[in-house]
Amino acid sequence: MACLNEFCDFFNISKGVTEFYQNIKFEDEGKGEVLVDRDTGVESEQFIQRRITPRTGVILKGTLFRPKDAEPLTEEEFRIVDIVHRQLMSFIARNRLQRTVYKFGYFDEDDYPNRRAFMRYLDEKIQKHEQYGYTAACINLRHFSLINQDIGRPMGDVVFRNYFKHIEDTIGGDGIVVRLGGDNFILFFRTELKPTILRILAGVPVYYDENNKDKYVMVAARAGVYDVTEKEPLVAPGQIMDKVYPAIQVARQRGLAVVYYDEEMDKRREKIMTIRHQFAQGLTAKEFKAYYQPKVDVNTGKVVGAEALCRWFHDGKMVMPMDFIPILERNNDICRLDLHMLDIVSRDIRRWLDEGRDVPRISVNLSRRHLTDPNLLDKIIRIIDNHGVPHEYIEIELTETTTDVEFKELNRVVCGLQQEGIYTSVDDFGNGYSSLNLIRTIPWNVIKIDRTLIPEDEEKSEGNTNRLFEHVVAIAHDIGMECVSEGVETVKQVGLLRKNNCRIAQGFYFEKPLPVEEFEPLLDGTPYLDKLKEIS
């Protein structure tokens, strides 16, 4: 250091500055480290600046200054200073890059320890045989987006960091907390701290203005928890992930605060993997069939439509829909299945038309997962047109949505389908919380009233469900929607539909979902006229 100072004194270098940025974006925003290596305090001006950008994407800048009134350096003096500056920058770059590689490896761009840091910590514990007597928890902050909306993202970031620091301080040096991404964390701590940690996860006030104690928000989290004991030897860091991930998923799905891992989760996980593997094979082997449940005119007994429902036959047995649909809905597999069903239905409709049958409109269900696909409309139309089916024979059923983003996409899809002459229906109407807004804003063709809004036989005519049903049907008619009641199971319910002018019924009173060969004969005539004679 003394030699460097002597060098600077000899060449009258009054100031040296080194700047370090993780990327160009941070450089533009001024987010980096600025170190003043030497500053004599005299008024100076820049005379050399060097910028190094290694392949890692980091940026290192070095700038030298000389007094404004200093005599200019000779060409040889400038060359010497330039060579020494290059060597210094190269030395600094090598040392900084070592630190940067570590930081890039074990911290995210917001400077939180990452998943790799967690795996490294666990691996060290396992190597030292110190992994038992600890608890792992995967946590997800609850409704943190609402906190950002309420106090603004900058203050939300402060809350986020303070909450992280609170957990980190509670765990102490014998444990670790890292960020997995978004508002998800994973913790590893002494089991004796578990009551304290769980109290924090249940909800704690987090301040975002240290000078104003009224400036705080309550932050709570869901958690998947696993206690590491010698009953189940922990020999690899990945085992922890295999325990806490299924637990936090159950907590999210069921709206629970804390879920502990158990062996049943492993069985469910194996089942999920098996279903996903068999699904791909099943599509190729044409194991998925369309079963049709008739929609019946309660005045004439004629089949005026049908809903296509998926049935899976694997190894000679039917796989129940509840055993595979929820699993496929966890990713885009459900989208592949939906479009496959649309292809089957379009093929059947084309054949019925060619045979001269009286073909009704057939509805096909689409999952909410499709709403994020900007090419959905093109895919639907391409499948229908490939079979030469007029668009009015197809109805797309979509369910209610739970977010503003989904709502906007739903509106886009419904309007796009209608422009192509494809009917749309809102499925399970009345089973959610946004029903009235859904039919007020989106121009559906058909409203399918959920079975929960159809009165039971024993309910009195002046009961609440009767009144709700009556008004929902009236609203649908007033705004020009076709009305279908699902889950109709008794003759009394059919009578109620007639009384309230709800013309179309779907349910076990008339028919269960049928394979295509049993459904086809119902297309002609009035197959359910005798059923209607039972109605008084």
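Preceding this paragraph is the structure being described.
Residues numbered from 1 in each chain as written. Predicted model: local features only at pLDDT ≥ 70, side-chain atom pairs only at ≥ 80, totals over all residues. Heavy atoms only, no water.

### Some thoughts on the pattern of salt bridges
For the coordinates displayed, the defined rule picks out 38 salt bridges. Note that Lys 25 is salt-bridged to Glu 29, the shortest N-O span being 3.1 Å. In this pair, Lys 25 and Glu 29 are both assigned in helix H2 (residues 24-29), four residues apart and thus about one turn of the helix distant. In this structure, the salt-bridge partner of Arg 503 is Asp 297, at a minimum N-O distance of 2.7 Å. Placement of Arg 503 in the loop between helix H16 (491-499) and strand E20 (504-506) and of Asp 297 in strand E12 (residues 288-297) is noted, with a sequence separation of 206 residues between them. Owing to a relative accessible area of 35%, Arg 503 belongs among the partly exposed residues under this scheme. Where salt bridges share partners, they join Lys 295, Glu 307, Arg 361, Glu 395, Glu 397, Lys 448, Glu 482 and Glu 486 into one cluster. (Salt bridge = Lys/Arg side-chain N within 4 Å of Asp/Glu carboxyl O. Helix = DSSP H or I, 4+ residues; strand = E, 2+ residues; numbered from the N terminus. Buried < 20%, exposed > 50% of the residue type's maximum accessible area, 1.4 Å probe, protein only.)

### Comments concerning the packing of aromatic side chains
Any pair of aromatic rings gets described here by the distance separating the centres and the angle formed by the planes. Counting across every chain of the model gives 23 aromatic pairs. A ring pair is formed by Phe 164 and Phe 185, whose centres lie 5.7 Å apart and whose planes are at 40°; its orientation type is tilted. Here Phe 185 lies in strand E7 (residues 184-190) and Phe 164 lies in helix H6 (residues 153-171), a separation of 21 residues in the sequence. Accessibility assignment for this pair places Phe 164 and Phe 185 in one class, buried. Three or more aromatic residues joined by ring pairs form one cluster here, namely Tyr 112, Phe 144, Phe 160, Phe 164 and Phe 185. In this arrangement the basic side chain of Lys 15 is found over the ring face of Phe 65, its NZ or CZ atom lying 5.4 Å from the centre. One cation-aromatic arrangement involves Lys 531 over Tyr 509; the distance from NZ or CZ to the ring centre is 4.7 Å. (Phe/Tyr/Trp six-rings, centres within 6.5 Å; stacked < 30°, edge-to-face > 60°. Lys NZ or Arg CZ within 6 Å of the ring centre and 35° of its normal.)

### What to know about the sheet that holds E7
The sheet built from five strands is open, its strands ordered E6-E7-E5-E10-E11 with mixed pairing. Among the strands making up the open sheet, the edge pair consists of strand E6 (175-181) and strand E11 (258-260). Each strand of the sheet is rotated relative to its neighbour by a mean of 20°, with strand direction disregarded. For strand E5 (residues 134-141) and E7, the ladder comprises seven bridges, and the chain directions are antiparallel. (Pairing = 2+ DSSP bridges. Axes fitted to C-alpha atoms, helices over the stretch in contact; angles between N-to-C directions.)

### Notes on the environment of Gly 172
Looking at the element boundaries, Gly 172 is found in the loop between H6 and E6. Along the chain, Gly 172 and Phe 189 lie 17 residues apart, while their C-alpha atoms are 8.4 Å from each other.

### A look at the pairing of strand E16 (residues 394-399)
Buried residues dominate E16, accounting for five of its six residues. Where the polypeptide runs from strand E15 (residues 361-365) across helix H12 (residues 376-386) and back to E16, its parallel neighbour, the crossover connection is right-handed. (Right-handed = clockwise from strand over helix to strand, strands pointing away.)

### Topic: the side chain of Asp 333
Along the polypeptide, Asp 333 turns up in helix H11 (residues 333-354). For Asp 333, a relative accessible area of 13% corresponds to the buried category.

### Thoughts on the state of the cysteines
For the structure shown, the criterion picks out zero disulfides. Among the cysteines around Cys 483, which has no disulfide bond, Cys 502 carries the closest sulfur, lying 3.7 Å off. (Disulfide = S-S within 2.5 Å.)

### What about the sheet that holds strand E1 (residues 15-21)?
Strand order in the open sheet formed by four strands is E2-E1-E4-E3, and the pairing between neighbours is antiparallel. Looking at strand neighbours, the two that pair on one side only are strand E2 (33-39) and strand E3 (44-52), the edges of this open sheet. Averaged over all pairs of adjacent strands, the angle between their axes in this sheet comes to 15°, without regard to strand direction. Relative to strand E4 (residues 59-67), E1 runs antiparallel, the two sharing seven bridges. Looking across to E4, one finds that Gly 16 is bridged to Leu 64.

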